Amino acid sequence: AILAQAVTCVSSVIGLESASMVEGKTGPMSLSPVLVVDQKAELGEGPFWHPKRQQLLWLDVLGSKVFCYDPATNSNAEHNFSELTQHTTTVVPVHGSASAVVVGTTEGLARFDLDEGVKSIEMHESNGSLHGPYVRMNDGKCDPQGRLWLGSISRVGPGGADLATGGAALYVYKGWEGPPTRVMEGITISNGLSWNAEGTIMYYTDSPTLHVDTFDFDGNAEEAVALATNRQQAFRVSDSFPPVPDGHALDASGKLWVACFGAGEVRRYDPATGEVLAVVQLPADAGPQVTACAFGGEGLDELYITTAHEFWDAEQQQAHPLAGGLFKVPQEELAKLGEAISGLPPWHFKM
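Residues numbered from 1 in each chain as written. Predicted model: local features only at pLDDT ≥ 70, side-chain atom pairs only at ≥ 80, totals over all residues. Heavy atoms only, no water.

Right, let's talk about the side chain of His211 for a bit. In this fold, His211 is placed in strand S19 (residues 211-217). Residue class for His211 comes out buried when judged on its relative accessible area of 7%. Of note is the side chain of His211, whose polar atom sits 3.5 Å from the side chain of Gln233. (Helix = DSSP H or I, 4+ residues; strand = E, 2+ residues; numbered from the N terminus. Buried < 20%, exposed > 50% of the residue type's maximum accessible area, 1.4 Å probe, protein only. Polar contact = N/O pair within 3.5 Å; in protein donor to acceptor, adjacent residues only side chain to side chain.)

Another aspect to go through is empty space enclosed by the protein. The final tally for this structure, using the stated rule, is 3 cavities of 30 Å³ or more. Estimated volume of the largest cavity: approximately 270 Å³. The wall of the largest cavity is formed by 18 residues, among which Lys141, Ala249, Leu344, Pro345 and Pro346 lie closest to the centre. Across the lining of the largest cavity, the residue classes break down as 16 nonpolar, 1 polar and 1 charged. Its boundaries defined by the atoms lining it, the second largest cavity holds a volume of some 90 Å³. (1 Å grid on protein atoms, 1.4 Å probe; cavity = no way out; pocket = protein on both sides within 12 Å on 5 of 7 lines; lining within 4 Å. Points joined across faces, edges and corners; volume = space filled by probe spheres on them. Nonpolar A, V, L, I, M, F, W, Y, C, P; charged D, E, K, R; others polar.)

In globular proteins that are soluble, nonpolar side chains generally tend to be buried together. Within the largest apolar cluster, 30 residues are counted, with the highest numbers of intra-cluster contacts made by Trp257, Val266, Val280, Leu303 and Ile305. Elements that contribute at least two residues to this core include exactly strand S3 (34-37), strand S5 (55-60), strand S6 (65-70), strand S22 (256-261), strand S24 (275-281), strand S25 (290-296), strand S26 (302-307) and strand S27 (326-329). Residues Val101, Phe112, Leu114 and Phe349 belong to the second largest nonpolar core, which totals 25 residues. (Core = buried A, V, L, I, M, F, W, Y, C linked by side-chain atoms within 4.5 Å.)

The next thing to look at is the pattern of salt bridges. Within the structure shown, the criterion is met by 14 salt bridges. We note a salt bridge from Asp115 to Arg53, for which the minimum N-O separation is 3.1 Å. Taken as a pair, Asp115 in the loop between strand S10 (109-113) and strand S11 (117-123) and Arg53 in the loop between strand S4 (44-50) and S5 lie far apart in primary sequence, 62 residues in all. A relative accessible area of 57% places Asp115 in the exposed class. On the basis of relative accessible area, Arg53 is assigned to the partly exposed category, the value being 21%. Of the charged contacts, one joins Arg147 and Asp143 as a salt bridge, the two residues approaching to 2.7 Å between their closest N and O atoms. Asp143 carries the same exposure label as Arg147, and that label is buried. Look at the salt bridges and you will find they share partners, linking Asp251, Arg268 and Glu339 into a network. (Salt bridge = Lys/Arg side-chain N within 4 Å of Asp/Glu carboxyl O.)

It is worth spelling out unusual backbone geometry at this point. The omega torsion across Phe241 and Pro242 is -5 degrees, close enough to zero to call that bond cis. Along the chain, Pro242 falls in the loop between strand S20 (228-236) and strand S21 (244-250). The omega angle of the peptide bond from Pro242 to Pro243 is 0 degrees, so this bond is cis rather than trans. By the element assignment, Pro243 lies in the loop between S20 and S21. Notably, Lys40 is not glycine yet its phi reads approximately 60 degrees, a positive angle. Among the structural elements, Lys40 can be located in the loop between S3 and S4. With a phi close to 55 degrees, Ser64 is a non-glycine residue in the positive phi region. Here Ser64 shows up in the loop between S5 and S6.

Rendered as structure tokens:
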């Protein structure tokens, strides 16, 4: 069975402009990030803090690269998989390991060792059987039980610039052995995934819908299709593009930080009301393509942000020379919100 696609609206539409006009409010607090890596990734994505390495893992999806940013040395190591797969779409550490990770690819999933590099890659046995030539994997994260949720995106037309509405799906990998389970279809761009601290709510984004949805989550369900049920719209990010919601991350207070692709910002939402509580405004030189965010640092009290310049010509890139860079909102900047901001520890893949 496939999860029901019906979406019930359970909250009023509160965008950035209306949030600033709520009675008694002066508008959301504005925060400024700093550039940490001027990578110029065509499609920077997938930030994930690795606690054992004290490094931020992230990607250039279209460059088929996995990066390891070390803030202690300000270095950004690169693993290039372009000869093995056209895309690297997500990266998640393997539970209990300091170096093993799983990576989303064009065809499905792979695993490799960060210390051994590209030569250690192993493709999943199900790769090539999950979707056709115009579909590739996209964003993914692990649930509290260590299952990997990995969604896809479907593109057609010259250069793959056109979206195929409803042509993608969401899969669940329970361990490395065996094929994944397709739990949802009719998706266009499967993106952000987050779980609350209690593991009872899953937040999910199919970007062109313009909203973030919630599912009731039962991590002990025996069947994969029964893990996430009762899909409802939590809040709407916009009424039209730009922007669309992309990747997101929950903080310890239960507030959702959403990368707004097309707006050049990350917004902190109260998912219960849709109110915008804070806005991280990327510099104009970074451009509008903000793709994802993740908490990092030893105390998970810094917010890392990835950016892109997908489908841009040379003139557009010249106008926004920092697009594709990795940015960070430092702890002292987050402290301007008047509370101690930190993220929820992300879960790792159980092989």
